[in-house]
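The primary structure of each chain is shown beneath.
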Amino acid sequence: MTPLRKDRTMKTLNELPVAVLGAGPVGLAAAAHLLQRGLRPIIFERGVGVGANLETYRHVRLFSPWQYNIDKAARQRLECNGWQAPANDGLPTAGELLDSYLSPLSKLPELEGALKLRHTVVQITRQGFDKVKSRGRELAPFVLRVAGPDGERDYLARAVIDASGTWSNPNPLGAYGVAALGERELGDRIVYGMPDVAGTQRAQYAGRRTLVVGAGHSAAGTLLALAELAESVAGTSIVWATRGDQLARVFGGGEADGLPARGQLGLRLKALRDSCKLELHTNFRVTGLQQEASGIRVVGEHPDGQQDVISGVDRIVAATGARPNLELTREMRVRHDPWLESTDALAPLIDPNEHSCGTVRPHGHRELAHPEPGYFAVGAKSYGRAPNFLMATGYEQVRSVVASLVGDMAAADSVQLDLPETGVCNTRLAYDGEAKEDKGCCGGPAVDASAACCALDEAEKAKGQSGCSSLSACTPRPKASACCA
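Residue positions are given per chain, counting from 1 as you read along its sequence in written order. Note on the predicted model: pLDDT of at least 70 is required for a residue's local features to be given, and 80 or more for side-chain atom pairs to be given and counted; whole-chain, interface and lining totals, by contrast, use all residues. As a rule here, side-chain values come from all non-hydrogen atoms in the structure, and water together with hydrogens is ignored.

(A) Looking closely at the overall build of the protein chain. When you go through the protein chain residue by residue, the secondary structure sums to 17 helices and 16 strands. Taking all 485 residues of the protein chain together, the buried fraction comes to 53%. The helix count covers DSSP runs of H or I at least four residues long, the strand count covers runs of E at least two residues long, and both are numbered beginning at the N terminus. For each residue, the accessible area found with a 1.4 Å probe, counting protein chains only, is set against the maximum for its type, and the residue is called buried under 20%, exposed over 50%, and partly exposed in between.

Structure follows, in structure tokens:
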């Protein structure tokens, strides 16, 4: 056989589509940017429709208004087809985001023709190359092994934008990264994520004792919905368990939060905690579940090794976050942060061990790149196990990545990320037991539901790792009483 010349190989490679994994907000935004740049996308979505993850929590009202939820390239394409954008300051539910934005976007002919629903990507590699072989691999197309309605098939692509997210791969209930003893056996009593406890799934929670495990926004929303249910249905009781005792991040920055709805979520949760209408267990690390006559017996361990028990639980909601599926890229040369499993270069900007500001320093294709040329993880998957990802971050990520794919490096490197601050930042002090909740807020006025103090040392400021602005000194205030603690 006559060897392919390099120029002929590159011409063939450039004729292939760019594969986009996931038809959620960031995946469809990536497709819109590819089209805008004259590239051909092929979009693989494992669900029966676009935004499959959003569908599982369509009842949840988002705390980011429409202005942060619509990608610019997608908006332009929609408006050219007569679409009317919702008011910028409106707060959509996940279902409204799906029905009013993602669904119309996916039905545009140029996107609908590129979309493959019920197609799950199970592996990505290079044509003719395993992970070990180096010479010439950058000239080889990507091969995506895809399981579809008609079985498995291989697809070729010139580049891969992985926006598959993490939502469908939840963390276990067990506190040490693995399932708690008995978690799998009692799986039919556990829900991961944000069930519609006050709506479509009301019957499963009304009049029952529900344990919510977690200290993030998903846990907060579920706890507040259960409290609403408890007001109308006698016998409904709520138990809240957190692995740590620093609740500052979930209570948030209150009035100082750049997203008012996010600030109010924290204020309402703090008020619920202080109202004694729930049973709170802090420093409770779930290790085992046992079925008893009175319900589930949940065994936990405190940091000092002392055992604790929550008894008589009927249902459990595990709001313990999610993690990326790294098996997809087993045969690819990828580099992940050792503990966050995020893109390696992005980790210092988002590591919750160091800080948890709502803003992140602008980043694009360079921070998202891997040693495998042409492969980029974007969206929530780029964050790995780190929380606090916002859609607007993903939109700017894909804009930069797509610009780099066409060689427009000036645009690719000109990253502008304008995100609202939470009004609260946590540094490593919060994990060393030195920072306490209910102190003054980062860069804003002290409020009753303020959180951990933002006192970054000069080294952290110099590294630009906090993402905060207008950092101010903090004045401790007396801790509010917690009669249910």
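Past the structure itself, the notes keep going.
(B) Representation of the sheet that holds strand 11 (residues 279–281) within the structure. Two strands are counted as paired when DSSP detects at least two bridges linking them. The strand order across the open sheet formed by five strands is 8-15-9-10-11, and the pairing between neighbours is parallel. Edge strands, defined here as strands with exactly one partner in the open sheet, are strand 8 (190–192) and strand 11. The sheet shows a mean angle of 20° between the axes of neighbouring strands, taken without regard to direction. The sheet contact formed by strand 10 (residues 237–241) and strand 11 spans three bridges and is parallel. Residue pairing across strands places Val 239 opposite Glu 279, the latter belonging to strand 11. Two residues form a contact once any of their heavy atoms are found within 4.5 Å. Interaxial angle, 0 to 180 degrees, is taken between N-to-C directions of lines fitted to C-alpha atoms, where a helix line uses only the stretch in contact. Sitting on the sheet, helix 9 (residues 217–232) touches strand 9 (209–213), strand 10 and strand 15 (315–318), and the angle it makes with strand 9 is about 160°.

(C) Focus on the environment of Glu 301. Within the secondary structure layout, Glu 301 lies in strand 13 (residues 295–301). Accessibility expressed as a relative area gives 32% for Glu 301, which makes it partly exposed. As a C-alpha pair, Glu 301 and Val 286 span 15 residues in sequence and 6.6 Å in three-dimensional space. Excluding residues that lie within four positions of it along the chain, Glu 301 makes contacts with Tyr 176, Asn 283, Phe 284, Arg 285, Thr 287 and Gln 306.

(D) Fine view of the sheet that holds strand 4 (residues 120–126). The three strands lie next to each other as 4-5-6, forming an open sheet whose pairing is antiparallel. Each end of this open sheet is capped by a strand with a single partner; those strands are strand 4 and strand 6 (151–157). Adjacent strand axes in the sheet meet at a mean angle of 25° when their direction is disregarded. For strand 5 (residues 142–148) and strand 6, the ladder comprises seven bridges, and the chain directions are antiparallel. Residue pairing across strands places Leu 144 opposite Tyr 155, the latter belonging to strand 6.

(E) Expanded view of the pattern of salt bridges. Each reported salt bridge corresponds to a side-chain nitrogen of Lys or Arg within 4 Å of a carboxyl oxygen of Asp or Glu. This structure, assessed with the given rule, holds 18 salt bridges. Measuring nitrogen to oxygen at the nearest pair gives 3.0 Å for the salt bridge that ties Arg 77 to Glu 110. Within this pair, whereas Arg 77 is found in helix 5 (residues 72–79), its partner Glu 110 is found in helix 7 (residues 109–112), the two being separated by 33 residues in sequence. We classify Arg 77 as partly exposed; its relative accessible area is 22%. Ionic pairing is found between Asp 154 and Arg 145, a salt bridge with its closest N-O pair at 2.3 Å.

(F) Representation of the environment of Asn 171 in the model. Relative to the elements of secondary structure, Asn 171 occurs in the loop between strand 7 (159–162) and strand 8. In this structure, Asn 171 is in contact with Tyr 192, Thr 320, Gly 321, Ala 322 and Arg 323, ignoring residues within four places of it in sequence. Polar side-chain contacts of Asn 171 include one of 2.9 Å to the backbone oxygen of Thr 320. In the analysis that follows, any N or O atom pair within 3.5 Å is treated as a polar contact, provided that within protein one partner can donate a hydrogen and the other can accept it, and provided that, for residues neighboring in sequence, both atoms belong to side chains. Separated by 2.7 Å, the side chains of Asn 171 and Arg 323 make a polar contact.

(G) Examining helix 15 (residues 391–405) more closely. In a regular helix each residue adds 1.5 Å, so 15 residues correspond to 21 Å; helix 15 covers 21 Å between its end C-alpha atoms and thus fits that length. Burial analysis of helix 15 places 13 of its 15 residues in the buried class, which makes it a mostly covered element. The positive-phi residue at the C-terminal boundary of helix 15 is Gly 407, with phi of around 85°. Any helix carries an expected span of 1.5 Å times its number of residues minus one.

(H) Region of interest: the pairing of strand 1 (residues 18–21). Covered by surrounding structure in strand 1 are Val 18 and Val 20 together with Ala 19 and Leu 21, the residues of both alternating faces. As paired strands, strand 1 and strand 7 are joined by four bridges and run parallel to one another. Following the sheet pairing, Val 18 is matched in strand 7 by Ala 159. Across four bridges, strand 1 lies against strand 2 (residues 41–45) in parallel orientation. Directly across from Val 20, in strand 2, lies its bridge partner Ile 43. Here is how to tell: hold the view so the strands point away, follow the path from the first strand over the helix to the second, and if it runs clockwise the crossover is right-handed. Note on the crossover from strand 1 through helix 2 (residues 25–36) to strand 2: the handedness is right-handed.

(I) Broad picture of the packing of aromatic side chains. Here a Phe, Tyr or Trp ring, Trp counted by its six-membered ring, pairs with any other such ring whose centre lies within 6.5 Å, and the pair is stacked when the planes are under 30 degrees apart, edge-to-face when over 60, and tilted otherwise. Considering all chains together, one arrives at four aromatic pairs under this definition. Ring plane angle 65° and centroid distance 5.0 Å describe the contact between Phe 44 and Tyr 155, whose orientation is recorded as edge-to-face. In this pair, Phe 44 is assigned in strand 2 and Tyr 155 in strand 6, connecting sequence segments 111 residues apart. Judged by its relative accessible area of 10%, Tyr 155 falls in the buried class. Ring geometry for Trp 83 against Tyr 101: centres 6.2 Å apart, planes inclined by 45°, an arrangement best described as tilted. Of this pair, Trp 83 sits in the loop between helix 5 and helix 6 (94–106) while Tyr 101 sits in helix 6, and the two are 18 residues apart along the sequence. The class for Tyr 101 is buried, based on a relative accessible area of 0%. Should the NZ of a Lys or the CZ of an Arg lie within 6 Å of a ring centre and within 35 degrees of the ring normal, that charge is described as sitting over the ring. A cation over a ring is seen here: Arg 126 above Phe 142, with NZ or CZ 3.9 Å from the ring centre. The positively charged end of Lys 133 is found above the aromatic ring belonging to Phe 129, 5.0 Å away from the centroid.

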